[in-house]
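# Descriptive structure summary
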Amino acid sequence: MANDETETETQTTTEAEEVTRGETETEAPSLDMEAVDTYDGTVEELTEALAEREETIAELRSVVESQSEQIETLEDRFLDLSARVADGRNLGVCPECNGPTEKKERLFRSDTIECLRCGEVIYTY
């Protein structure tokens, strides 16, 4: 008799567990609204950070472009100055070795300004 009661209790406990499992499986999953709000906040912050990053990249590109233009202008002025000095009295200075430069006039090729010490072509006309 004791075995019958134990078996009956075991069966009712097993049935109760199955019913509980069935109920939890059929219930809709609940959403944690606080977690959803936190997630939305994180997404907004990342979106703002990305926008700021793109603005910074655009600003840096414009700075690089303007600096490149300034560098080209300064290089042209330097070469023009070297050419003018070399044209007059051959007193130009090589930017590599600080040696004297000379304008070489050629018949079939472009005229150049070359360093007499290292042979570096500084400017080609």
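An account of the accompanying structure is given in this report. These numbers come from a predicted model, not from an experiment.

Neither face of strand β2 (residues 112-115) is left uncovered, since the one carrying Thr112 and Glu114 and the one carrying Ile113 and Cys115 both have all their residues buried. As paired strands, strand β1 (residues 101-104) and β2 are joined by four bridges and run antiparallel to one another. Residue pairing for β2: glutamate 102 is matched across the bridge by glutamate 114. Where β2 lies against strand β3 (residues 121-124), three bridges are found, and the strand directions are antiparallel. Looking at the pairing, glutamate 114 lines up with valine 121 of β3. Counting the residues in the hairpin turn of β2 and β3 gives five residues, including glycine 119, whose phi is positive at 80°.

Take a negative patch on the surface next. On the surface, a cluster of negative charge is made up of Asp32, Glu34, Asp37, Asp40, Glu44, Glu45, Glu48, Glu52, Glu54, Glu55 and Glu59. Along the chain, glutamate 54 turns up in helix α2 (residues 33-89).

The next subject is the side chain of glutamate 114. With respect to the helices and strands, the residue glutamate 114 is situated in strand β2. A relative accessible area of 14% means that glutamate 114 is categorised as buried. Separated by 2.7 Å, the side chains of glutamate 114 and arginine 106 make a polar contact. A polar side-chain atom of glutamate 114 sits 3.0 Å from a polar atom in the side chain of threonine 112. Glutamate 114 has contacts with Pro100, Thr101, Glu102, Lys104, Arg106, Glu120 and Val121, leaving out every residue within four places of it along the chain.

Conventions used here
Residues numbered from 1 in each chain as written. Predicted model: local features only at pLDDT ≥ 70, side-chain atom pairs only at ≥ 80, totals over all residues. Heavy atoms only, no water. Buried < 20%, exposed > 50% of the residue type's maximum accessible area, 1.4 Å probe, protein only. Helix = DSSP H or I, 4+ residues; strand = E, 2+ residues; numbered from the N terminus. Pairing = 2+ DSSP bridges. Patch = residues over 30% accessible without salt bridge, like charges linked within 9 Å, V, L, I, M, F, W, Y side chains within 5 Å. Areas by Shrake-Rupley, 256 points an atom, 1.4 Å probe, with all protein chains shown as cover. Salt bridge = Lys/Arg side-chain N within 4 Å of Asp/Glu carboxyl O. Lys, Arg positive; Asp, Glu negative; His and termini not counted. Charge placed at Lys NZ, Arg CZ, Asp CG, Glu CD. Polar contact = N/O pair within 3.5 Å; in protein donor to acceptor, adjacent residues only side chain to side chain. Contact = heavy atoms within 4.5 Å.

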